[in-house]
Amino acid sequence: MRFDDDPKIPEGDYIPGIYNYCNRWCERCMYTDRCMTFEMEKEIKMEIEKEKKREKSMEENKDFWDQVNKTIEEAAELIDEEIPLVKDDFSSFDDWDDEDAHEAMREYKEKHKKARNQPLSKVARKYEKTVHQWFKDRKETLKQHYDPETKDFNISYTGIADEAVLKQLTESVEVILWYEFQIEIKTQRAFSSLFEEKEDPGLWKDFPKDSDGSARVASMGIDSSIGAWNYLNNKLTSEKETIKPIIRMLLWMKMEIEKEFPGAKDFVWPPKLD
Ligand code: SF4
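Residues numbered from 1 in each chain as written. Predicted model: local features only at pLDDT ≥ 70, side-chain atom pairs only at ≥ 80, totals over all residues. Heavy atoms only, no water.

**Student:** Explain the overall build of the protein here, please?
**Tutor:** When helices and strands are tallied, the protein shows seven helices and two strands. Evaluated residue by residue, the protein yields a buried proportion of 33% over its 274 residues. Element-wise, carbon and sulfur atoms account for 54% of the exposed surface of the protein, whose accessible area totals about 19100 Å². (Helix = DSSP H or I, 4+ residues; strand = E, 2+ residues; numbered from the N terminus. Buried < 20%, exposed > 50% of the residue type's maximum accessible area, 1.4 Å probe, protein only. Areas by Shrake-Rupley, 256 points an atom, 1.4 Å probe, with all protein chains shown as cover.)

Below is the structure:
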């Protein structure tokens with residue numbers, strides 16, 4: 001049975017696996033009504049809201065919960081006195097110490113380390129740090145305003161009053177911040193998967209390769225970030241010299257990704273329906 005057929009998941013005309021290689025920016029996604037993850041997360045959020053209400057009523061019903069706690073204490077005493085804990089009850093967990101598990105974990109860590117040490121991953125990390133520092137150094141001129149209630153995010157910049165420009169600046173900064181970490185995460189994952197695929201060529205035999213899918217997400221993040229930085233470069237004239245090296249870094253990553261993962265550009269997303 002396919003995961004998408006699980007009876008517990010919401011019903012709908014979903015595209016199987018669409019969420020595997022997207023950028024996870026659901027607020028900006030054109031496929032929310034075809035995405036099972038989106039629908040499930042919506043339901044989870046509704047459950048959380050319900051849970052919050054329930055917690056509130058829990059506070060209001062303190063007597064009830066005091067009574068419950070008393071029952072729990074009594075149960076604990078009963079367990080201590082009448083149902084002693086037998087050491088071997090948890091022997092099944094000993095499997096975690098199994099040699100195979102250790103070996104699998106060791107291999108996983110090695111692959112992860114190797115992926116992390118690829119020049120592309122290193123530059124992606126450098127990009128992350130550079131972006132972080134760039135915004136930090138400009139926090140007095142390029143101000144970020146976020147309202148957690150309304151989730152409104154906008155930018156103000158000393159010397160710019162044009163609303164249309166500020167709106168586009170906001171959108172560009174949003175794009176940069178959205179992909180700041182995702183580029184590195186997806187690049188590293190692309191390498192980890194590439195090593196696994198090389199080790200076990202049958203792994204993704206009948207499926208598009210995970211390495212290509214992950215590289216594609218990284219690559220799209222790079223493209224969008226180049227566009228966003230370019231807008232900043234055009235509007236924040238005094239910052240041109242600081243922005244150019246960042247764009248250069250992104251262009252280098254774009255070129256390297258295309259070289260390392262030539263199949264990424266042909267990776268189809270969203271997946272086609274049968
Ligand atoms: S496909 Fe779209 S809606 Fe679904 S998880 Fe990805 S970004 Fe969100």
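So that's the structure; there's more coming.
**Student:** Would you take a moment to explain the packing of helix H4 (residues 119–137) against helix H5 (residues 163–199) for this structure?
**Tutor:** When two helices pack together, their arrangement is given by the angle between the helix axes and the distance between those axes. Their axes nearest at 9 Å, the elements H4 and H5 cross at an angle of 160°. Taken together, the axes of H4 and H5 lie roughly antiparallel to each other. The crossing of H4 and H5 is left-handed. When H4 is examined against H5, the residues Leu120, Ser121, Ala124, Arg125, Tyr127, Glu128, Val131, His132 and Phe135 are found in contact with a partner set consisting of Val173, Ile176, Leu177, Glu180, Phe181, Ile183, Glu184, Thr187, Gln188 and Phe191. The residue makeup of the contact of H4 with H5, split by class, is eleven nonpolar, four polar and four charged. (Axes fitted to C-alpha atoms, helices over the stretch in contact; angles between N-to-C directions. Parallel < 35°, antiparallel > 145°, perpendicular 65-115°, else oblique. Left-handed = near helix turned anticlockwise from the far one by under 90°. Contact = heavy atoms within 4.5 Å. Nonpolar A, V, L, I, M, F, W, Y, C, P; charged D, E, K, R; others polar.)

**Student:** Would you mind going over the packing of helix H3 (residues 99–116) against H5 with me for this structure?
**Tutor:** Between H3 and H5, the least distance of the axes is 8 Å, while the angle of their chain directions is 125°. Classed by the angle they form, the pair H3 and H5 counts as oblique. Crossing angle aside, the handedness with which H3 passes H5 is right-handed. Here Lys111, His112, Lys114, Ala115 and Arg116 of H3 lie close against H5, whose contacting residues are Glu184, Gln188, Phe191, Ser192, Phe195, Glu196 and Glu199. Broken down by class, the residue content of the contact of H3 with H5 amounts to three nonpolar, three polar and six charged.

**Student:** Whenever I open this one, the packing of aromatic side chains confuses me. Can you help?
**Tutor:** What the rule picks out here adds up to eight aromatic pairs. Measuring from centroid to centroid gives 5.9 Å for Phe135 and Trp229, while their planes differ by 40°, and the two rings are tilted. Taken together, the residues span a long stretch of sequence, with Phe135 in helix H4 and Trp229 in helix H6 (residues 210–235) at a distance of 94 residues. Residue classification places Trp229 among the buried residues on the basis of a relative accessible area of 0%. (Phe/Tyr/Trp six-rings, centres within 6.5 Å; stacked < 30°, edge-to-face > 60°.)

**Student:** Would you take a moment to explain the site of the ligand for this structure?
**Tutor:** Taken together, Tyr19, Cys22, Arg24, Trp25, Cys26, Cys29, Thr32, Cys35, Phe38 and Trp269 make up all the residues around the ligand. In terms of residue class, the shell around the ligand is built from eight nonpolar, one polar and one charged. (Near = heavy atom within 4 Å.)

**Student:** It is not clear to me how the side chain of Glu184 should be interpreted in this structure. Could you clarify?
**Tutor:** The residue Glu184 is located in helix H5 in this model. A relative accessible area of 8% means that Glu184 is categorised as buried. Of the polar contacts made by the side chain of Glu184, one reaches the side chain of Arg125; its length is 3.3 Å. (Polar contact = N/O pair within 3.5 Å; in protein donor to acceptor, adjacent residues only side chain to side chain.)

**Student:** Whenever I open this one, the pairing of strand E1 (residues 142–147) confuses me. Can you help?
**Tutor:** Judged from the six bridges that link them, E1 and strand E2 (residues 152–157) form a sheet pairing that is antiparallel. Within E2, the residue paired with Tyr146 across the bridge is Phe153. (Pairing = 2+ DSSP bridges.)

**Student:** Sorry if this is basic, but what is going on with the confidence of the model for the protein here?
**Tutor:** Low-pLDDT stretches of the model should not have their predicted coordinates read in fine detail. Here the protein averages 83 in pLDDT, and 79% of its residues register 70 or above. By mean pLDDT, the top-scoring element of the protein is H4 (96), and the lowest-scoring one is helix H2 (residues 62–82) (50). Low pLDDT, under 50, characterises residues 1–7; the stretch is placed with eleven contacts to residues that sit more than four places away or in other chains. Between residues 85–93, whose pLDDT stays under 50, and residues either more than four places distant or in other chains, the model counts one contact. (pLDDT = per-residue confidence, 0-100.)

**Student:** Help me understand the pairing of E2 in this model?
**Tutor:** On any regular strand, side chains alternate: one points to one face of the sheet, the next to the other face. Residues of E2 alternate between two faces, with Phe153, Ile155 and Tyr157 buried on one and Asp152, Asn154 and Ser156 left unburied on the opposite face. Hairpin remark: E1 followed by E2, antiparallel, with four residues in the connecting loop; positive phi at Lys151, about 65°.

**Student:** What is the right way to look at the pattern of salt bridges in this model?
**Tutor:** Overall, the coordinates contain 16 salt bridges when judged by the stated rule. In this structure, Arg106 engages Glu103 in a salt bridge whose closest nitrogen and oxygen atoms are separated by 2.7 Å. Of this pair, Arg106 and Glu103 are both found in helix H3, three residues apart, which corresponds to roughly one turn of the helix. Owing to a relative accessible area of 40%, Arg106 belongs among the partly exposed residues under this scheme. A salt bridge links Lys265 to Asp266; its shortest N-O distance comes to 3.9 Å. For the pair shown, Lys265 and Asp266 are each scored as exposed. (Salt bridge = Lys/Arg side-chain N within 4 Å of Asp/Glu carboxyl O.)

**Student:** Mind showing me how you'd approach unusual backbone geometry here?
**Tutor:** Across residues other than glycine, the phi torsion is negative in most instances, and most of the peptide bonds are trans. Positive phi, normally seen in glycine, also occurs at Arg24, with a value near 60°. As for its position among the elements, Arg24 is in the segment before helix H1 (36–60). For Arg24, a relative accessible area of 37% gives the class partly exposed. The residue Lys151 is not glycine, and still its phi comes out positive at about 65°. As for its placement among the helices and strands, Lys151 is situated in the loop between E1 and E2. Given the relative accessible area of 58%, Lys151 is considered exposed.

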